[in-house]
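If you want the building blocks of each chain, they are given just below.
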Amino acid sequence: MAQDYNKAKRGVYMGLLLLGAVTLVEVFLSLFGKGYIISGVESSKILFAVVGIGLVVLSLYKAYFIVYEFMHMGHEVKGLRASVLLPMLLLVWAIIAFFQEGGSWGDRRALIEEKDKIEKEDTGKPTGMLLHDPQTKKLQ
Amino acid sequence: MATDSMVHGTDTTADGNLWDGGKPPFKASYGKLMMWYFLLSDAFTFSGFLIAYGALRFSMPTWPVPDFVFSTAPFGVHHAPLIFVTFMSFLLIVSSVTMVRAVQEGHRENLRGVVFWMFLTILGGAGFLGCQAWEWNNLIGVEHMTVTTNPFGTHIESGVYLEGDGHDIKEGDTFEAGDTYLIHQHGGDWEQLKFKTSGGEIKQQEFGPKAFGALFFFITGFHGFHVLSGVAFLLIIMINAASGLYVKRKNGYEMVEKIGLYWHFVDLVWVFVFLVFYLL
C-alpha cells in the first residue's frame, strides 16, 4: 500500500516534468517557426506547416496526458471512457467545415473589394452582378 | 450475444446484468459521472469559440502576429515574446499537479494533506488570475486594445517608415510584409504613421481585424471566469475538508476528486487556448 502510494507520488512529479518540458518545447518550436532563433527561416512555407502540425500534435499529447493520467480516465470503465471521448470526434467535422467556411469568407471579401475597384473606374454604365442588355434582354 | 439475452431475466446470481440496476455500471458515482458529462458539454462550448477564432482568422488577409502582440511582461520587460504567457501556463500546470496530490491524499483519508495541497492549488489559480489581470490591464490601459478596436495592424508589403512614433518605430525604419505594428495614442488621438511601400506608394498604418480583440477578450475571459469559479469552489471544498466534513462520509474525499476533475479541465482548456492564441 505504502509502496503504491510512493509510486503514484513519483508518477505525479514525473508528469509535472513531462508537461513542463513539452510546454518549453512548444514555445521553442513556435519562436523557431517565427524566425526568432535562426532568423530568415520564417519565410519557408514547409517549415510553417511542419511547425504548425508539430504544435498541434504536442498540444494533443498534453491533453491526452492530462485526461488519462491526472483525471484518471485510463482507470475508468471502457463505457465511461467511450461516452465521454467519442462525442469529441464530432469536432473533426466542425473544424474542417468552419475552416473551409472561413476561407470562403475571405475569398468573397477579396472578390467584392476587387469589384468595388472596377466600379470606380467605370464609364458611367450601369453596374451590378447581373447586367441585361435592354434590347436583347440577354446577359452581357 | 444470444446467450446474453437468454440469461437476462432468469439469472439471479450476483453477477447478473450490469444494467439491471442496483450498481453503477460505469463504476463511478452519480456526481463524478455528471461532472464528466458537464465537462464534455463545456469542452464543446470552448471548441465552438476556438473554431470560430480559426474561421475568422482564415477569413482575414492579415492577422496580428501573436509573439509581437504578447511580448510584454511586468516590471518593464518588453520584446520578450511569449515569456509571460509561458510562465502563466507553468502556473496552471503546477496547480494541476498539486491538485492531483490533494486527490491522492484524499484517497488515504489524510485530512492535513488534502488541505495543504488544495491550498497550494488555490494559490496557483489565484496567481494565474493575477497574471491575466495584468495582461488585460496592459492590453486595455497601455496598448488601447478593446473589444471593438484593434490597434495591432500587419503590413501586407515591405517598405520604409516616413515618420516615427516615439516608441519603437523611428523615421527610416524598414519593415517586411507580415510584420505587425502597434498604433499608439498620443493625447487621446490615434497616430497612424505614414510609410512608403516598396512600390513607391505612400500609405498609413491601418487598424487590424476587429475580431481579434473581441475573440481575445471573450475566450481568455471565459477561461479566466472558469478559473475564478474553480478557485471559489476549491476554497469552499478546502474549508469543508478542513472542518472534517468529508471524514464522516468515508468515501475517500470524493468531493475533492470531483473538483479536481474540473480543475484539470481548466488546465486542459488552457493547453488549447495557449496553442491557438499564442503559439500558432
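Residues numbered from 1 in each chain as written. Chains lettered and ligands numbered in written order. Predicted model: local features only at pLDDT ≥ 70, side-chain atom pairs only at ≥ 80, totals over all residues.

### Digging into the overall build of chain A
(1) Moving on: Secondary structure summary: chain A contains four helices and zero strands in total.
(2) Moving on: Listing every helix and strand of chain A by position from the N terminus yields α-α-α-α.
(3) Moving on: For chain A, buried positions account for 13% of its 140 residues. (Helix = DSSP H or I, 4+ residues; strand = E, 2+ residues; numbered from the N terminus. Buried ≥ 20, exposed ≤ 12 C-beta atoms within 10 Å, placed from the backbone.)

### Some words on the confidence of the model for chain B
(1) Moving on: Counting all residues, the mean pLDDT for chain B is 88, and 94% of those residues have values of 70 or more.
(2) Moving on: This model gives residues 1-13 of chain B a pLDDT under 50, and the stretch forms two contacts once residues within four places in sequence are excluded. (pLDDT = per-residue confidence, 0-100. Contact = placed C-beta atoms within 7 Å.)

### Overview of the domain arrangement of chain B
Residues and elements named next belong to chain B.
(1) Moving on: Taken domain by domain, chain B comprises domain 1 (31-147 + 222-279) and domain 2 (152-204).
(2) Moving on: A separation of 37 Å is found between the C-alpha centroids of domain 1 and domain 2.
(3) Moving on: In this assembly, ten residues from domain 1 lie in contact with six residues from domain 2.
(4) Moving on: Class assignment of the residues belonging to the side of domain 1 that touches domain 2 gives a composition of seven nonpolar, two polar and one charged. (Domains from an automatic or database assignment. Nonpolar A, V, L, I, M, F, W, Y, C, P; charged D, E, K, R; others polar.)

### Re the packing of helix H2 (residues 30-59) of chain B against helix H8 (residues 254-279) of chain B
All names here are of chain B.
(1) Moving on: Close contact between H2 and H8 brings their axes to 11 Å; oriented N to C, the two are set at 10°. By the angle between their directions, the pair H2 and H8 is classed as roughly parallel. Handedness of the crossing formed by H2 with H8: right-handed. Contacts from Gly 31, Lys 32, Met 35, Trp 36, Leu 39, Asp 42, Phe 46, Leu 50, Tyr 53 and Gly 54 of H2 reach H8 at Glu 254, Glu 257, Lys 258, Leu 261, Tyr 262, Phe 265, Val 269, Phe 272 and Val 276.
(2) Moving on: Class assignment for the residues of the contact of H2 with H8 results in twelve nonpolar, two polar and five charged. (Axes fitted to C-alpha atoms, helices over the stretch in contact; angles between N-to-C directions. Parallel < 35°, antiparallel > 145°, perpendicular 65-115°, else oblique. Left-handed = near helix turned anticlockwise from the far one by under 90°.)

### Examining the interface of chain B and chain A
(1) Moving on: Across the contact, 39 residues belong to chain B and 43 residues belong to chain A.
(2) Moving on: Counting only elements with at least two residues in the side of chain B that touches chain A, the list comes to H2, helix H4 (83-107) and H8 of chain B.
(3) Moving on: In terms of residue class, the side of chain B that touches chain A is made up of 26 nonpolar, eight polar and five charged.

### Considering the sheet that holds strand S7 (residues 194-197) of chain B
Residues and elements named next belong to chain B.
(1) Moving on: One open sheet holds the four strands; their spatial order is S3-S2-S7-S8, and the pairing between them is antiparallel. Every other strand in the sheet has two partners, leaving strand S3 (174-175) and strand S8 (202-204) as the edge strands with one partner each.
(2) Moving on: With three bridges connecting them, strand S2 (residues 159-161) and S7 associate as antiparallel partners. By the bridge assignment, Gly 159 is partnered in S7 with Thr 197. (Pairing = 2+ DSSP bridges.)

### Here we look at helix H5 (residues 111-142) of chain B
Residue and element names in this part refer to chain B.
(1) Moving on: Along its 32 residues, H5 runs 46 Å from first to last C-alpha, staying within 8% of the 46 Å computed at 1.5 Å per residue.
(2) Moving on: Listed in full, the buried residues belonging to H5 are Val 114, Trp 117, Met 118, Thr 121, Ile 122, Gly 124, Gly 125, Phe 128, Glu 135 and Leu 139.
(3) Moving on: On its buried face, H5 is in contact with H4, helix H6 (211-242) and H8.
(4) Moving on: Just beyond H5, the residue with positive phi is His 144, at close to 60°. (Expected span 1.5 Å × (residues − 1).)

### Focus on the pairing of S7(B)
Residues and elements named next belong to chain B.
(1) Moving on: Summarising the sheet, S7 and S8 pair through three bridges and their orientation is antiparallel. Bridge pairing in S8 links Phe 195 to Lys 203.
(2) Moving on: Following S7, the chain reverses through four residues before pairing antiparallel with S8; Gly 200 in that reversal takes a positive phi of roughly 95°.

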